[in-house]
Amino acid sequence: MLLALFFLVGQLVFDYIKKPELEVSFFDVGQGDAIFIESKDGTQILIDGGPPNKILPQLGSKMRFFDRFIDVVALTHPHADHVSGLIEVLERYNVGMIIESGVDYHTAEAKIFESLIAEKKLKKVTVDHPINLNFANGAALKFIYPEESFSGMTLKNVHDSALVSELDFEDKKILLMSDAEKNLEKRLVAEGRVGDVDVLKTGHHGSKTSSNDFFLRVTKPEYAIISSGARNRYGHPAPEVLSRLAAAGAKIFRTDLDGTITLEIRDGNLIWKK
Amino acid sequence: MAKLTPYFLVAFLAGVGIRSFFNVPEKWIFGFLGLAIGFLIILFFSTRPIPHPPTPSPSQGEGERKETPVSFLGVRFVSASFLLIFFLLGMLRFSIFENNIVDDRLHNYYGQTMTLQGTVISSETQQNSSRLVLETDFGRLLVVSRIYPQYKYGEKLEVAGEILEPENYAGFDTKQYLAKSGIYSQMVFPEIKERPYPLTPSPYEGEGGKKEIPSLSWGRGVLALTKNKVLVSLFRVREKFEANLKNILPEPHASLANGMLLGEEGVLPENLLDAFRKTSTIHILVLSGYNITIVGTFLLAFFGFILPYAFAWVLSIFGIILFTLMTGAEPAAVRAAIMAVIGLLALRSGRLRAPLLSLLFAAALMVFINPMYLRFDRGFQLSFAATLGLILLASRFQKAFWFFPKLLGVREAAAASAAAQLFVLPLLIFWGNPVSIFTLPANILVVTAVPAVMFFSFLGSMAVFLSRALGAALASASYILITYQIYVVEFFTKLNI
């Protein structure tokens, strides 16, 4: 026991020293999204949880074994490939705050997620106008969409209510598009809500309805990340999207090929780890 | 004749074993059975006349004469035919069990759409779906469903869908594997409705008649147990225990610890499972007497060091019973515990015969109850092999391991696990896992940590009932040990390429 304690303390000190100021991990959760943001001061934000049975080992590898607290969990929209993993997270971890659009969705997964929030009496923030979540020294997670309340509404395409956010830190901008499709991209461009970014988490797992040319011309990403499952049945990412991204000059990272992709920001530099 | 009992048991097991690989028509079995019995009868009568009838004192004379010329040949033939009979009975038992499908009425409805009501008797989450087993009035039904919502043991459900015959895939004999548990039909993604707890009487007219007859047919006796409140509450205890474990350990450690303790690994990352398979260490995640035996011997060795031996022995048995109860006392665990206790018996007596006989008796009884265990239940195979190893080799290994310290029973424990491991190894090969040259070192390095992992995870999980922090502190030891195990299997897997 004592040896174990020494071992852990040693690990802790070492971990803290080598930790980057901000780390963003695009987890390989198969066909789905799960993005984990951690700052050096220990703030942890999880955006989406991916499909079932994938997220927990990933979190286990990033979080220390006694760490059972995640500051913020955001659900961009209640599709199963985003919400299922979050059910497991809520069952195992203590969560400081839930952020979601509040849109109504009929699946068992979405209902269980909502009932878990109610049961655990978690603090819930419904995004109905752009808000900023400031954390660590100067880091900000800006939710730039939705601009209206979807709370309790049923939509034909739930993707139109997806939370779109931008992570700003030391002049680096990372745009997280969730499952936003053409409609939403048009709207964001037309309203001038998006600009030049460094990293783009492409919308909807690289499906052909997302990452359109007009959108890429505005966002000009240096790097693009596609979060999709190996050999998924939807054929994501679409070849068109890959060529559009290449034409826009973005270097592409794919969770289906590269596994979990980790982006560290140290002294204003982007450092990629696969 | 009594001296031959072990051979009869072995003959019975052999019969079941051979029958589970080859289909022998019952006609033949009965034919040979008749032949053997006929032979016995002939022997019986032909030996009668040999002692001369006109002996003055029959009681004395008969006895003496039988000893000399007759028994020599006669006993041999008699025992040979008894061996054959036991062998054939083994085959017959398997055939009868296979024919149990007659009791099941669901398989008559293959291809038809039905609405069925039943109780969940097991549920298991897999990568993209979950698998429920429903006990319905018509027989057992495997239901492949979505992961959410999750259904628990004892819940009443109504399912509507097409009844299908299970299909073998990827060279795995799914049909037989399911038949082992009396399941002959499945429904894939049916419509599922939860039913209020007091189940309304079955609306199926005419079919209700047979319902109340408790299924006494061997191997399906579990049916009555679902009604048993004790079992349900035991299951709830187990559930709580598992929840505690998941509360103090992250993934994949929690699932691995759960696998070592309860044989239920949950859903592990595919590459990690592969690493365990490739190093032939996957058996630590199967619930078997192997794990329980190891824990038992460690307890015995530990208590034996500080307490009188007999007292330590009782404590270890008590420990095993407590452990079995905590893990929900499901049939597999109970079987494993029985084997483990026999193993401890062997360590205590130091003699071979009694424990060996009890092991064979236990095995024959279990196989008699469900002959499919022999080939299709890995937990059973592991339990048997490990206990056999313990009985035959533990004392020898103790002498060979003279260089281990006796402190806290280290030597005894090392000897016991080495003996068990040696006998488990052939099984791993037989299971078709690719056996690498690193199997032995990987096993030694991984398995030695198993008892400690089980011990600390068990204590940690129990401690959560008092305080989570205490539980987490205890579990930190198993966290480190499991991290070490993962490191070992991944290291050897990489080497293997």
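About the thresholds
- Residues numbered from 1 in each chain as written.
- Chains lettered and ligands numbered in written order.
- Predicted model: local features only at pLDDT ≥ 70, side-chain atom pairs only at ≥ 80, totals over all residues.
- Heavy atoms only, no water.
- Helix = DSSP H or I, 4+ residues; strand = E, 2+ residues; numbered from the N terminus.
- Contact = heavy atoms within 4.5 Å.
- Areas by Shrake-Rupley, 256 points an atom, 1.4 Å probe, with all protein chains shown as cover.
- Rg over C-alpha atoms; globule rule 2.2 N^0.38 Å.
- Core = buried A, V, L, I, M, F, W, Y, C linked by side-chain atoms within 4.5 Å.
- Buried < 20%, exposed > 50% of the residue type's maximum accessible area, 1.4 Å probe, protein only.
- Pairing = 2+ DSSP bridges.
- Phe/Tyr/Trp six-rings, centres within 6.5 Å; stacked < 30°, edge-to-face > 60°.
- 1 Å grid on protein atoms, 1.4 Å probe; cavity = no way out; pocket = protein on both sides within 12 Å on 5 of 7 lines; lining within 4 Å.
- Points joined across faces, edges and corners; volume = space filled by probe spheres on them.
- Nonpolar A, V, L, I, M, F, W, Y, C, P; charged D, E, K, R; others polar.
- Buried area = accessible area lost by both parts, 1.4 Å probe.
- Salt bridge = Lys/Arg side-chain N within 4 Å of Asp/Glu carboxyl O.
- Right-handed = clockwise from strand over helix to strand, strands pointing away.
- Axes fitted to C-alpha atoms, helices over the stretch in contact; angles between N-to-C directions.
- Patch = residues over 30% accessible without salt bridge, like charges linked within 9 Å, V, L, I, M, F, W, Y side chains within 5 Å.
- Expected span 1.5 Å × (residues − 1).
- Domains from an automatic or database assignment.

### Quick word on the overall build of chain B
Logical step 1: Counting its secondary structure elements, chain B contains 18 helices and six strands.
Logical step 2: Long-range pairs, those at least 24 residues apart, make up 73% of the contacts in chain B with a sequence separation of at least 6.
Logical step 3: When the accessible area of chain B is evaluated, it comes to approximately 24300 Å², of which 68% is carbon and sulfur surface.

### Remarks on the overall build of chain A
Logical step 1: From N to C terminus, chain A includes eight helices and 15 strands.
Logical step 2: Over its C-alpha trace chain A gives a radius of gyration of 18 Å, about what one expects of a compact globule, namely 19 Å for 274 residues.
Logical step 3: When the backbone C-alpha atoms are referred to their principal axes, chain A occupies close to 60 × 40 × 35 Å.
Logical step 4: By sequence separation, contacts in chain A at least 24 residues apart represent 66% of the contacts at least 6 residues apart.
Logical step 5: Total accessible area computed for chain A in this model is approximately 11300 Å², and 53% of it derives from carbon and sulfur atoms.

### Remarks on the nonpolar core
General note: in soluble globular proteins, nonpolar side chains tend to be found buried as a group.
Logical step 1: Counting residues in hydrophobic clusters, the biggest one holds 62 residues, and the most contacted among them are B:Leu249, B:Leu256, B:Met260, B:Leu261, B:Ile284 and B:Tyr290.
Logical step 2: Excluding its chain neighbours within four sequence positions, the residues that come into contact with B:Tyr290 are B:His283, B:Leu382, B:Ser383, B:Ala386, B:Ala420, B:Gln421, B:Val424 and B:Val447.

### Describing the pairing of strand β9 (residues 164-169) of chain A
All names here are of chain A.
Logical step 1: Across the six residues that make up β9, a large majority, six, are buried.
Logical step 2: Residues Val164, Glu166 and Asp168 point to one face of β9 and Ser165, Leu167 and Phe169 to the other, with burial holding for every one of them.
Logical step 3: Direction of pairing for strand β8 (residues 139-145) relative to β9: antiparallel, over a ladder of five bridges. Considered in β9, the bridge of Ala140 is made with Asp168.
Logical step 4: When β9 meets strand β10 (residues 172-176), the two strands line up antiparallel, connected through five bridges. Bridge assignment links Ser165 to a residue of β10, and that residue is Leu176.

### Considerations on the side chain of B:Ser185
Residue and element names in this part refer to chain B.
Logical step 1: Note that Ser185 resides in strand β5 (residues 183-188).
Logical step 2: Relative accessible area serves as the criterion here: at 0%, Ser185 is assigned to the buried category.
Logical step 3: With residues up to four places along the chain from it excluded, the contact list for Ser185 reads Asp104, Leu106, His107, Tyr110, Arg140, Leu141, Leu142, Ile163, Leu164 and Pro166.

### A look at the packing of aromatic side chains
Residue and element names in this part refer to chain A.
Logical step 1: Under the counting rule described, the total for this entry stands at 15 aromatic pairs over all chains.
Logical step 2: Between Phe27 and Phe36, the ring centres sit 5.9 Å apart and the planes meet at 15°, which makes this aromatic pair stacked.
Logical step 3: On the basis of relative accessibility, which here comes to 0%, the residue Phe27 falls in the buried class.
Logical step 4: Phe36 gets classed as buried once you look at its relative accessible area, which sits at 1%.
Logical step 5: Note on Tyr223 and Trp272: the rings are 4.8 Å apart at their centroids and 50° apart in plane angle, and the pair reads as tilted. Of this pair, Tyr223 sits in strand β12 (residues 223-226) while Trp272 sits in strand β15 (residues 269-273), and the two are 49 residues apart along the sequence.

### Describing empty space enclosed by the protein
Residue and element names in this part refer to chain A.
Logical step 1: For the coordinates displayed, the defined rule picks out five cavities of 30 Å³ or more.
Logical step 2: Roughly 60 Å³ of volume is contained in the largest cavity.
Logical step 3: Lining of the largest cavity is provided by Asp33, Ile35, Ile47, Asp48, Thr76, Phe143, Leu163, Ser165, Leu176, Met177, Ser178 and Lys201.
Logical step 4: In terms of residue class, the lining of the largest cavity is made up of six nonpolar, three polar and three charged.

### Observations regarding the interface of chain B and chain A
Logical step 1: Chain B puts 27 residues into the contact, and the matching count from chain A is 22 residues.
Logical step 2: Summed over both sides, the interface between chain B and chain A buries roughly 2000 Å², with carbon and sulfur atoms accounting for 63% of that surface.
Logical step 3: Considering only the side of chain B, the residues that lose the most area to chain A are B:Tyr148, B:Glu251 and B:Ile480, jointly responsible for 34% of the buried surface there.
Logical step 4: One can count two salt bridges joining chain B with chain A.

### Details of the pairing of strand β13 (residues 251-254) of chain A
Residues and elements named next belong to chain A.
Logical step 1: Relative to β13, β12 is paired through four bridges, and the arrangement is parallel. Bridge pairing in β13 links Ala224 to Ile252.
Logical step 2: What joins β12 to β13 is helix α7 (residues 239-247), and the crossover it makes is right-handed.

### Points about the sheet that holds β9(A)
All names here are of chain A.
Logical step 1: The mixed open sheet is built from seven strands, whose spatial order is β7-β8-β9-β10-β11-β12-β13. Single-partner strands in this sheet number two, and they are β7 (131-135) and β13. Across the sheet, the mean angle from the axis of one strand to that of its neighbour is 20°, orientation sign disregarded.

### Side note on the pattern of salt bridges
All names here are of chain A.
Logical step 1: Under the counting rule described, the total for this entry stands at 20 salt bridges over all chains.
Logical step 2: With its nearest N and O atoms 3.0 Å apart, the salt bridge here joins Glu148 to Arg187. Of this pair, Glu148 sits in the loop between β8 and β9 while Arg187 sits in helix α5 (residues 182-190), placing them 39 residues apart in sequence.
Logical step 3: Its relative accessible area of 29% is what places Arg187 among the partly exposed residues.

### Some points on a nonpolar patch on the surface
Residue and element names in this part refer to chain A.
Logical step 1: A surface patch of nonpolar side chains, amounting to about 390 Å² of accessible area, comprises Leu5, Val9, Val13 and Ile17.
Logical step 2: Along the chain, the position of Val9 falls in helix α1 (residues 2-18).
Logical step 3: Given the relative accessible area of 46%, Val9 is considered partly exposed.

### Some remarks on the sheet that holds strand β6 (residues 124-126) of chain A
Residues and elements named next belong to chain A.
Logical step 1: The mixed open sheet is built from eight strands, whose spatial order is β6-β5-β4-β3-β2-β1-β14-β15. For this open sheet the edge positions go to β6 and β15, each flanked by a neighbour on one side alone. Taken over all neighbouring pairs, the strand axes of this sheet differ in orientation by 20° on average, direction set aside.
Logical step 2: Bridge count between strand β14 (residues 261-266) and β15: five bridges; the pairing is antiparallel. Of the residues in β15, the one forming a bridge with Ile265 is Leu270.
Logical step 3: Running over the sheet, helix α2 (residues 55-62) touches β1 (22-26), β2 (35-39), β3 (44-47), β4 (69-75) and β14 and is turned about 15° from β2.
Logical step 4: The strands touched by helix α4 (residues 108-119) within the sheet are β4, β5 (94-100) and β6, with β5 carrying the most contacts at an inclination of about 130°.

### What to know about helix α17 (residues 450-463) of chain B
An α-helix turns once every 3.6 residues. As a result, residues three or four positions apart point the same way.
Logical step 1: Given a rise of 1.5 Å per residue, 14 residues ought to cover 20 Å, and the 20 Å separating the end C-alpha atoms of α17(B) matches this to within 8%.
Logical step 2: Listing the buried residues of α17(B) in full gives B:Val450, B:Pro451, B:Val453, B:Met454, B:Phe456, B:Ser457, B:Phe458, B:Gly460, B:Ser461 and B:Ala463.

### Topic: the domain arrangement of chain B
All names here are of chain B.
Logical step 1: Annotation of chain B at the domain level lists domain 1 (2-98), domain 2 (106-194) and domain 3 (242-496).
Logical step 2: In this structure, domain 2 and domain 3 have C-alpha centres spaced 31 Å apart.
Logical step 3: Facing seven residues of domain 2, the contacting portion of domain 3 comprises eight residues.
Logical step 4: Buried area between domain 2 and domain 3, both sides added, is near 700 Å², and the carbon and sulfur share of it is 58%.
Logical step 5: For the pair domain 2 and domain 3, the interface holds zero salt bridges.
Logical step 6: In terms of residue count, helix α4 (residues 174-179) provides more of the side of domain 2 that touches domain 3 than any other element does, three residues in total.
Logical step 7: The residue inventory of the side of domain 2 that touches domain 3, partitioned by class, reads two nonpolar, four polar and one charged.

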